[in-house]
Amino acid sequence: MAKVQLKLSQDIGIMEYRDTVIVGNIRSDGRWIRLPKNVFEYVQKLIFMPDMIKQIKSFEKSEQIFYKDLIQKLFDIKVLIYSEEENKLESISIEVTTNCNLCCRHCCMAAGNLLINNIKKEICFKIIDWAEKHKIKEITLTGGEPLLYPNLVDVLLYLKNYFSGTVQMITNLTLLTEKMASILSDTVDHISISLDGYNEESVDFIRGEGTFKNICKKIDLLKHNRFRMVSGTMVLSDDNYEHIKEFEKLCKSLRIKPALRTMTPTGRALENIDMLNGVGFQGNITEDSLNMRAECNAGQNTIAIDSKGMVRECVALDAGSTIGTVEELISGKLAGKRRLCEVDYNVNCRKCSVRYFCSDICRAVNEAIYRNDEVRMKRCKAIKTCYEKLIWNKG
């Protein structure tokens, strides 16, 4: 049997300041460790030694304990991994339509004003068959607004009959009918509802007058049809992060689970960015909240099919995230991509000693920030000094 060897993860993030480094896995859970630069350089040499264990045993007792503990910690936070480990595709999202009945102020896609594209249902069927064959765990239907997709019922019934994984749908729910509520209860496992506020005034400000009351009625309709797995989401900005508790209280009163998302400053969100105060949002930055995760699993554990039938790392990313066609996915000829973290592409940020803490988890958010100098500079001015003080004790 071949000997299993440790190696550095391809998702490692390294930041330096003077003679110290911080390392972590920027795609995992964001845990990190600070250590002397020369120590980390030696660990990198150590793991490539064919007799690493023998080498450590030759150290003085105190050094043995130190390096054993350090290597274990680096393994625990997934900086070090086994050579045979790899990312496995687990979920697929399908953008069934770009059509939307709302024009929300914070929409990164500018849905409601886009040219309408509806994915062919035959393409959906092919994707579902492929997903079942390859044991994909989850398929999510997105938009636009999926309830406007003309072939939604056909696709839902096909999922019920031919896919054994979990089915989710992201919707504003405003167009839900009694008939559709019954169908969803029979075909969908989880529904995520875009609320984006913590009371009637805040929801209607973002989504339009009357939306809050309409959504509440439609949630009751879901519950009447015994649909249990429902969550409500709120996109965070500087204006509403202090109202998270109120949002959670609202979700509890509606008997749904709360979930928070970061605003992506593109589309209408960029047009309204000053109104929404979304540039520097990070909430209350404290030492306990420091997290180094700066990448999501787009293109790794999850991929997306857009309404034109193209395979993308994520539909929220720009057109450059297209990695092939559905036919190429099915035939196994899809060109996989592994990219640097978005902040590492920016010449102004790639050597910053706090860049991964500054980055968002969502690649679409990072893309929108670090490819727009005005947005990037405003964000940097708002949060960089705080991170430097907490992480490196600068200032």
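Source: prediction; values computed, not measured.

Now for the overall build of the chain. Counting its regular elements, the chain contains 16 helices and 14 strands. A compact globule built from 395 residues should have a C-alpha radius of gyration of about 21 Å, and the chain, at 23 Å, falls within 12% of that. Its C-alpha atoms give the chain principal-axis dimensions of about 75 × 55 × 35 Å. Sorting the 395 residues of the chain into buried and exposed places 50% on the buried side. Contacts in the chain between residues far apart in sequence, at least 24 positions, make up 69% of those at least 6 positions apart. Within the structure as shown, the chain displays about 20100 Å² of accessible surface, and the carbon and sulfur contribution to it stands at 50%. Of the side chains in the chain, 57 bear a positive and 52 a negative charge, and the two mean positions are spaced by 3 Å.

Attention now moves to the pattern of salt bridges. Note on pairing: side chains with opposite charge can pair once their charged atoms come close. Counted by the stated rule, this structure contains 21 salt bridges. Glutamate 313 serves as the salt-bridge partner of arginine 363, at 3.1 Å between the closest nitrogen and oxygen. One end of the pair, arginine 363, is in helix α15 (residues 363-370); the other, glutamate 313, is in the loop between β13 (310-312) and β14 (322-325), and 50 residues separate them in sequence. Across the pair, exposure class does not vary: arginine 363 and glutamate 313 are buried alike. The partner of lysine 378 in a salt bridge is glutamate 374, with the nearest N and O atoms 3.5 Å apart. Taken together, the residues lysine 378 and glutamate 374, both in helix α16 (residues 373-392) and 4 residues apart, mark about one turn of the helix. Each of the salt bridges in this network shares a partner with another, and the network as a whole consists of Asp11, Arg27, Glu295, Glu313 and Arg363.

Below, the discussion takes up the pairing of strand β8 (residues 166-171). Pairing of strand β7 (residues 138-142) with β8, which is carried by 4 bridges, proceeds in the parallel orientation. In the sheet register, leucine 141 faces β8, and the bridge partner there is methionine 169. Read as a crossover between parallel neighbours, the route from β7 over helix α5 (residues 152-162) to β8 is right-handed. Both β8 and strand β9 (residues 190-194) contribute to a ladder of 4 bridges, which runs parallel. Bridged to methionine 169 within β9 is isoleucine 191. In the classification by handedness, the crossover that spans β8, the intervening helix α6 (residues 178-187) and the parallel β9 is right-handed.

To continue, consider the nonpolar core. Residues Ile94 and Leu141 are the most contacted members of the largest nonpolar core, which totals 58 residues. Take this core: its biggest share by element is 7 residues, from helix α4 (residues 121-133). Sequence-distant contacts of leucine 141, that is, excluding residues within four places in its chain, are made with Ile94, Val96, Pro146, Leu152, Val155, Leu156, Leu159, Gln168, Met169 and Ile170. Core analysis: the second largest hydrophobic core is formed by 27 residues, Ile273, Ala294, Val365 and Val375 among them.

Once that is clear, we can look at the packing of aromatic side chains. One pass over the structure, following the stated rule, counts 10 aromatic pairs. Following the ring pairs from residue to residue traces out a cluster consisting of Tyr42, Phe59, Phe66 and Tyr67. Here arginine 34 stacks its cationic end above the ring of tryptophan 392, 6.0 Å away from the centre of that ring.

Let's shift gears to the sheet that holds strand β12 (residues 302-305). What the 9 strands build is an open sheet, ordered β11-β10-β9-β8-β7-β6-β12-β13-β14; its pairing is mixed. Both outer strands of the open sheet, β11 (257-262) and β14, are each paired with one neighbouring strand and no more. With direction set aside, neighbouring strand axes in the sheet form an average angle of 25°. Packing of α4 onto the sheet brings it into contact with β6 (91-95), β7 and β12, and relative to β6 it is tilted by some 175°.

The next thing to look at is the packing of helix α1 (residues 37-47) against helix α3 (residues 61-76). To characterise two packed helices, one gives the angle between the axes of the helices and the distance between these axes. In the contact formed by α1 and α3, the axes pass within 12 Å of each other and the chain directions differ by 85°. Taken as axis vectors, α1 and α3 run roughly perpendicular relative to one another. Contact with α1, carried on its side by Val39, Tyr42, Val43 and Leu46, involves Phe66, Tyr67, Leu70, Ile71 and Leu74 of α3 and no other residues of that element. For the contact of α1 with α3, a count of residues per class yields 9 nonpolar, no polar and no charged.

Here we take up unusual backbone geometry. Following glycine 143, the chain continues into glycine 144 via a peptide bond in cis, with omega recorded as 15°. Inspection of the secondary structure assignment puts glycine 144 in the loop between β7 and α5. With a phi close to 55°, lysine 135 is a non-glycine residue in the positive phi region. Its place among the elements puts lysine 135 in the loop between α4 and β7. For lysine 135, a relative accessible area of 66% puts it in the exposed group. In this model, aspartate 196 sits at a positive phi of 60°, which is unusual for a non-glycine residue. Secondary-structure assignment places aspartate 196 in the loop between β9 and α7 (200-207). On the accessibility criterion, aspartate 196 (3% relative accessible area) is buried.

Turning our eyes to something else, we now look at the state of the cysteines. Each disulfide consists of a covalent bond between the sulfur atoms of two cysteine residues. Applying the stated criterion across every chain, the model contains 0 disulfides. Left without a disulfide partner, cysteine 108 is nearest to the cysteine sulfur of cysteine 107, which lies 5.5 Å away. Judged by relative accessible area, which is 24%, cysteine 108 ranks as partly exposed.

Every buried residue belonging to α6 is among Met180, Ala181, Ile183, Leu184 and Thr187, and all of these are buried. Buried residues along α6 cover an arc of 165° about the axis, so they all sit on one side. At its buried positions, α6 is contacted by α5, β8, β9 and α8 (211-224).

What counts and how
Numbers given for residues are sequential positions, taken from 1 along each chain in its written order. Totals for whole chains, interfaces and linings use all residues, but because this is a predicted model, local features are given only for residues with pLDDT of at least 70 and pairs of side-chain atoms are given and counted only at 80 or more. Calculated side-chain values reflect all of the structure's heavy atoms, with hydrogen atoms and water omitted. Numbering of helices and strands runs from the N terminus, with a helix taken as a DSSP run of H or I at least four residues long and a strand as a DSSP run of E at least two residues long. Each radius of gyration reported is based on C-alpha atoms, and the globular scaling rule is 2.2 Å times the count of residues to the power 0.38. Exposed residues in this analysis have more than 50% of their type's maximum accessible area, buried residues have under 20%, and partly exposed residues fall in between, with area computed by a 1.4 Å probe over protein chains only. We call two residues in contact when some of their heavy atoms are within 4.5 Å. Surface accessibility follows the Shrake-Rupley procedure with a 1.4 Å probe radius. Residue values consider only the protein chains on display as shielding. Charge assignment: positive for Lys and Arg, negative for Asp and Glu; neither His nor the chain ends contribute. By convention, the charge on Lys lies at NZ, on Arg at CZ, on Asp at CG and on Glu at CD. In what follows, salt bridge is the name for a side-chain nitrogen of Lys or Arg lying within 4 Å of a carboxyl oxygen of Asp or Glu. Whether two strands pair depends on DSSP finding at least two bridges between them. Every crossover in which the path from the first strand over the helix to the second runs clockwise, viewed with the strands pointing away from the viewer, is termed right-handed. Among buried residues, the Ala, Val, Leu, Ile, Met, Phe, Trp, Tyr and Cys ones that are joined through side-chain atoms within 4.5 Å form a nonpolar core. Only the six-membered ring of Trp is used, alongside the rings of Phe and Tyr, when aromatic pairs are assigned; centres must lie within 6.5 Å, and planes under 30 degrees apart are stacked while those over 60 apart are edge-to-face, with the rest tilted. Placement of a positive charge over a ring is assigned whenever Lys NZ or Arg CZ falls within 6 Å of the ring centre and within 35 degrees of the normal to the ring plane. Here, axes are lines fitted to C-alpha atoms. For helices the fit covers the stretch in contact, and angles between N-to-C directions go from 0 to 180 degrees. Oblique is the label for any angle not under 35 degrees, not over 145, and not in the 65 to 115 range, which are roughly parallel, roughly antiparallel and roughly perpendicular in turn. In this count, Pro and Cys sit with the nonpolar residues alongside Ala, Val, Leu, Ile, Met, Phe, Trp and Tyr, while Asp, Glu, Lys and Arg are called charged and the others, Gly among them, polar. Working definition: a disulfide is two cysteine sulfur atoms within 2.5 Å of each other. It is the directions from the helix axis to the C-beta atoms that the arc portrays.

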